[in-house]
Amino acid sequence: MDRIASIENALVGGGRISRDDAQWLWHNATDGQLQQLAGIVRARYHKPFDATYLLMRIINYTNVCVAKCDYCSFYRLPGQPDTYTRSKEWVFSKIDELIEVGGDLFGFNGGFNPELKIDYYTDLFGAVREKYGNSIEFYAMTVVELIYVAKISRLSLEEALSRLYDAGVRWVTGGGAEVLSDTFRKRHSPLKYTVEEYFAAQRAILAAGMKTTGTMVIGFDETLDERLDHLESVREFQDVTMGGLFSFLCWTYKPWNNELGGSEIDAQEYLRHLALCRIYLDNVTHVRASVLTQNANALRGLSYGANDFDIPWEDEVTQLAGAVIEQDVERVLGYARAEGFEPRRRSAARPTLVALS
Ligand code: SF4
């Protein structure tokens, strides 16, 4: 039996692939073979042409950051002239705008701002929860922002999370992961915490009774081994936490206006990687495609193992790095339909995927 057939047999039988298999598939499998294998794992959780989406916006509440990741186009150092920290009223206006067009998910994303201790966050998130109740949902911060805020507030992760929970926070995202390989992190973001610190924070989030997600960004200069380090560590985390990560989203690096520069990976590389994620992460229920960085190509991802996607309204971080956001919802849905899918909208304000129509 050739290697593809033996991998396919293992997957059909409910088994999983090894790291060595993943490496082999990356170098040797055709796009069609990757699609087929991803489809086998996808079918463990979803009907073949089922896909869901939600309408969301990122709220960038501050652009001050001292982490200085070399791939970042967004941050400003304290004291630079074009820094900002947004008021509650500004945040409310951003939420109201998205509600107007039918969205209900907000992802807060800022930086490592030394001026903003835990009280800033509990005050802001408490006000959002008080004003909007459970009619919307929000991802309060990324895992790495959480670690930073706890440290500068001189709190343990548990204490910081307990205060955030009391303020109404129910979700943190796996953002700040980029590539979960310490060699990669030392090269590009040495102040953005190690892989071990990242997963310790993810465990603390789950222990605090909150939900979290898995994320990944590719297309910098990471090696295949570093990508596989990432997938391996996420799969192990899922095993140990029995599915602690609600979903896994992979997006791509945008190389404009930052120190690292470079060029973008092509559309096919993203799709092949997405398929590999779906195949490897057999213990993740929802694999999501990135409309934010891939536009129409993200919807081709539904045929490469993804089952869910965001339609994002705004995200300054990726827009400054070169992302062009498609705000025409019908056009984005049309891309999915062209792939043979009829996506159902889901509500972020409910804890599980729920189609609204
Ligand atoms: S990627 Fe995030 S942590 Fe890194 S410099 Fe930019 S804002 Fe700061």
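Residues numbered from 1 in each chain as written. Predicted model: local features only at pLDDT ≥ 70, side-chain atom pairs only at ≥ 80, totals over all residues. Heavy atoms only, no water.

Turning our eyes to something else, we now look at the overall build of the protein. Assigned secondary structure in the protein consists of 15 helices and nine strands. The globule rule puts the C-alpha radius of gyration for 357 residues at 21 Å, and the 20 Å found for the protein is close to it. Its C-alpha atoms give the protein principal-axis dimensions of roughly 60 × 45 × 40 Å. For the protein, with 357 residues in total, the buried portion stands at 57%. Contacts spanning at least 24 positions in sequence make up 73% of the contacts within the protein whose residues lie at least 6 apart. With the model as given, the accessible surface of the protein reaches about 14200 Å², and the carbon-plus-sulfur share is 50%. (Helix = DSSP H or I, 4+ residues; strand = E, 2+ residues; numbered from the N terminus. Rg over C-alpha atoms; globule rule 2.2 N^0.38 Å. Buried < 20%, exposed > 50% of the residue type's maximum accessible area, 1.4 Å probe, protein only. Contact = heavy atoms within 4.5 Å. Areas by Shrake-Rupley, 256 points an atom, 1.4 Å probe, with all protein chains shown as cover.)

Bringing the site of the ligand into the picture now. The environment of the ligand is formed by C65, A67, K68, C69, C72, F74, Y75, G110, F112 and K192. Judged by the fraction of its atoms near the pocket grid, the ligand is located in the largest cavity. Of the residues that constitute the shell around the ligand, the class distribution is seven nonpolar, one polar and two charged. (Near = heavy atom within 4 Å. 1 Å grid on protein atoms, 1.4 Å probe; cavity = no way out; pocket = protein on both sides within 12 Å on 5 of 7 lines; lining within 4 Å. Sits in = over half its atoms within 2 Å of the grid points. Nonpolar A, V, L, I, M, F, W, Y, C, P; charged D, E, K, R; others polar.)

This part is about the side chain of N307. Relative to the assigned elements, N307 resides in the loop between α13 (296–300) and β8 (308–312). If we skip the residues at most four places from it in the chain, N307 touches R42, H46, D50, A51, T52, T285, H286, V287 and L302.

Here we come to empty space enclosed by the protein. In total, this model carries three cavities of 30 Å³ or more according to the counting rule given. Computed from the structure, the largest cavity encloses a volume of approximately 920 Å³. Surrounding the largest cavity, 50 residues form its lining, N109, E178, W251, D315 and V317 being those nearest its centre. Residue composition of the lining of the largest cavity, by class: 26 nonpolar, 16 polar and eight charged. (Points joined across faces, edges and corners; volume = space filled by probe spheres on them.)

Burial analysis of strand β5 (residues 212–218) places seven of its seven residues in the buried class, which makes it a mostly covered element. As paired strands, β5 and strand β6 (residues 245–252) are joined by six bridges and run parallel to one another. Its bridge partner being in β6, T212 is matched across the sheet by L245. (Pairing = 2+ DSSP bridges.)

We now examine the pairing of strand β1 (residues 52–59). Counting buried positions along β1 gives eight out of eight residues, so the element sits mostly inside the fold. Alternating positions in β1 separate into two faces, T52, L54, M56 and I58 on one and Y53, L55, R57 and I59 on the other, with burial throughout. Where β1 and β8 come together, five bridges link them in parallel fashion. Paired with T52 across the bridge in β8 is D308.

Glancing now at the pattern of salt bridges. For the coordinates displayed, the defined rule picks out 27 salt bridges. Note that E226 is salt-bridged to R187, the shortest N-O span being 2.9 Å. You can see E226 sitting in helix α10 (residues 224–241) and its partner R187 sitting in helix α8 (residues 182–188), a full 39 residues away along the chain. Judged by relative accessible area, which is 5%, E226 ranks as buried. Among the ionic pairs, R337 bridges to E342, the shortest N-O distance being 3.1 Å. (Salt bridge = Lys/Arg side-chain N within 4 Å of Asp/Glu carboxyl O.)

Evaluated as defined, the whole model comprises 20 aromatic pairs. Seen in terms of ring centroids, F112 and Y193 are 5.7 Å apart; in terms of plane orientation they differ by 35°. Their pairing is tilted. Of this pair, F112 sits in the loop between β2 (105–108) and α5 (118–132) while Y193 is found in the loop between α8 and α9 (195–207), placing the two residues 81 residues apart along the sequence. The exposure class of Y193 is buried, given its relative accessible area of 11%. Arranged with centres 5.5 Å apart and planes meeting at 25°, the rings of F125 and F138 form a pair that is stacked. With F125 in helix α5 and F138 in strand β3 (residues 137–142), this pair connects stretches of sequence that are 13 residues apart. (Phe/Tyr/Trp six-rings, centres within 6.5 Å; stacked < 30°, edge-to-face > 60°.)

Summarising the element assignment, N63 is placed in the loop between β1 and α4 (88–100). A distance of 2.8 Å separates a polar side-chain atom of N63 from the backbone nitrogen of Y84. (Polar contact = N/O pair within 3.5 Å; in protein donor to acceptor, adjacent residues only side chain to side chain.)

These results come straight from atomic positions and should not be treated as a statement about function.
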